[in-house]
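Given next are the chains, with one letter for each unit.
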Amino acid sequence: MTMLQRFRKPFKYENGNFTLVLIGINILVYAITSLFRSTFVYLALIPGAVLHYGWIWQLFTYMFVHANLRHLLFNMLGLFFFGTALERYLGSREFAFFYLLTGTLAGIFSFIVFSMGGTLGLSLVGASGAVYAVLFAFAVINPRAKIYIWGILPVPAPVLVAA
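Residues numbered from 1 in each chain as written. Predicted model: local features only at pLDDT ≥ 70, side-chain atom pairs only at ≥ 80, totals over all residues. Heavy atoms only, no water.

Asker: For this particular structure, what's the right way to read the overall build of the protein?
Answerer: Of the regular secondary structure elements, the protein holds nine helices and two strands. Secondary structure elements of the protein occur, N-terminal to C-terminal, as α-α-α-α-α-α-α-α-β-β-α. Taking the contacts inside the protein whose residues are at least 6 apart along the sequence as the reference set, 71% of them involve residues at least 24 apart. Carbon and sulfur atoms provide 72% of the accessible area of the protein, an area that totals close to 10,000 Å². (Helix = DSSP H or I, 4+ residues; strand = E, 2+ residues; numbered from the N terminus. Contact = heavy atoms within 4.5 Å. Areas by Shrake-Rupley, 256 points an atom, 1.4 Å probe, with all protein chains shown as cover.)

The following block contains the structure:
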């Protein structure tokens, strides 16, 4: 088997609960950063820290840090409702790879934009980039799905993602 064939081979389908694991990790990191505020600086994405101190792990860890409880709640609600469905479709391993890759890519993109804009002291936190990628994938896979806003207003999934 060539290297390209190995790369293109899909993961073995497993139906686990990686979405719930991610939610648990996000809650744990929120608790840690709330109790020990100094950890926020090490885990949030701060472009200046990445450039000047070489803290490249922040391109990954930022997606587990949240600014406040409401920020955490809305990201985790989106992850729970759409991530669970997407995980069932893709399988847990491919969903994990997709989520972590898109979250990291969102961090890299944000880092580049903030660095070019000269906002090196700004800190970026939250799973929004990865959660939005999950919403987008859900809408692509389920284009006819209706999402009920406030439980009463049906909106097609692709329209919700576009808005």
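Having seen the structure, we can now continue with the description.
Asker: Teacher, can you tell me more about the pairing of strand S1 (residues 146-149) here?
Answerer: Residues in a regular strand point their side chains to alternate faces of the sheet. One ladder, built from four bridges, connects S1 with strand S2 (residues 153-156); its direction is antiparallel. Across the sheet, residue Ile-147 finds its bridge partner in S2, namely Val-155. If you look at the hairpin formed by S1 and S2, you'll find three residues sitting between the two strands, and Trp-150 has a positive phi there, around 55°. (Pairing = 2+ DSSP bridges.)

Asker: What exactly am I supposed to notice about the layout of surface pockets here?
Answerer: Think of a ball as big as a water molecule: rolled over the atoms, this probe shows where empty space is left. When its volume is computed, the largest pocket comes out at roughly 500 Å³. Along the walls of the largest pocket sit 17 residues, with Gly-78, Phe-82, Ile-147, Ile-149 and Leu-160 positioned nearest its centre. Of all elements in the fold, only helix H6 (69-90), helix H8 (128-141), S1 and helix H9 (157-162) reach the threshold of two or more residues within the lining of the largest pocket. Here the residues of the lining of the largest pocket are counted per class, giving 13 nonpolar, three polar and one charged. (1 Å grid on protein atoms, 1.4 Å probe; cavity = no way out; pocket = protein on both sides within 12 Å on 5 of 7 lines; lining within 4 Å. Points joined across faces, edges and corners; volume = space filled by probe spheres on them. Nonpolar A, V, L, I, M, F, W, Y, C, P; charged D, E, K, R; others polar.)

Asker: What am I meant to see in the side chain of Ser-92 here?
Answerer: You can see Ser-92 is positioned in helix H7 (residues 92-117). Leaving out residues up to four positions away in the same chain, Ser-92 has contacts with Glu-14, Asn-15, Gly-16, Asn-17, Phe-18 and Glu-87.

Asker: Would you take a moment to explain the packing of H7 against H8 for this structure?
Answerer: Helix packing for two helices is described by the angle between their axes and how far apart those axes are. As a packed pair, H7 and H8 sit with axes 7 Å apart at the nearest point and diverge in direction by 125°. Relative to H8, the element H7 is oriented oblique. Crossing of H7 over H8 shows right-handed handedness. Across the interface between the two elements, Phe-95, Phe-98, Tyr-99, Thr-102, Gly-103 and Ala-106 from H7 touch Gly-129, Ala-130, Val-131, Ala-133, Val-134 and Ala-137 from H8. The residue inventory of the contact of H7 with H8, partitioned by class, reads nine nonpolar, three polar and no charged. (Axes fitted to C-alpha atoms, helices over the stretch in contact; angles between N-to-C directions. Parallel < 35°, antiparallel > 145°, perpendicular 65-115°, else oblique. Left-handed = near helix turned anticlockwise from the far one by under 90°.)

Asker: Please explain a nonpolar patch on the surface as it appears in this structure.
Answerer: A cluster of nonpolar side chains, contributed by Leu-20, Leu-73, Phe-74, Leu-77, Phe-80 and Phe-81, occupies part of the molecular surface with about 610 Å² of accessible area. With five residues, the top contributor of residues to the nonpolar patch is H6. (Patch = residues over 30% accessible without salt bridge, like charges linked within 9 Å, V, L, I, M, F, W, Y side chains within 5 Å. Salt bridge = Lys/Arg side-chain N within 4 Å of Asp/Glu carboxyl O.)

Asker: Just to check I follow, could you spell out the packing of aromatic side chains for this structure?
Answerer: To describe a pair of aromatic rings, one takes the distance between the centres and the angle between the planes. For the structure shown, the criterion picks out eight aromatic pairs. When the ring of Tyr-42 is compared with that of Trp-55, the centres are 5.0 Å apart and the planes differ by 40°; the resulting orientation is tilted. A residue pair is termed long-range when its members are at least 10 positions apart, and Tyr-42 in helix H3 (residues 38-43) and Trp-55 in the loop between helix H4 (47-53) and helix H5 (58-61) qualify at 13 residues. Judged by relative accessible area, Trp-55 falls into the buried class, the value being 17%. Between Trp-55 and Trp-57, the ring centres sit 5.7 Å apart and the planes meet at 25°, which makes this aromatic pair stacked. (Phe/Tyr/Trp six-rings, centres within 6.5 Å; stacked < 30°, edge-to-face > 60°. Buried < 20%, exposed > 50% of the residue type's maximum accessible area, 1.4 Å probe, protein only.)

Asker: Teacher, can you tell me more about helix H2 (residues 18-35) here?
Answerer: One turn of the α-helix equals 3.6 residues, which is why residues spaced by three or four share an orientation. Taking 1.5 Å as the rise per residue, H2 with 18 residues should run 26 Å; its terminal C-alpha atoms sit 26 Å apart, in good agreement. Of all the positions in H2, only Thr-19, Leu-22, Ile-23, Asn-26, Val-29, Tyr-30 and Thr-33 are classed as buried. Along H2, the residues classed as buried sweep out an arc of 130° about the axis, all on the same side. Of the exposed residues in H2, the ones pointing more than 90 degrees away from its buried face are Leu-28 and Leu-35. (Expected span 1.5 Å × (residues − 1). Arc of directions from axis to C-beta.)

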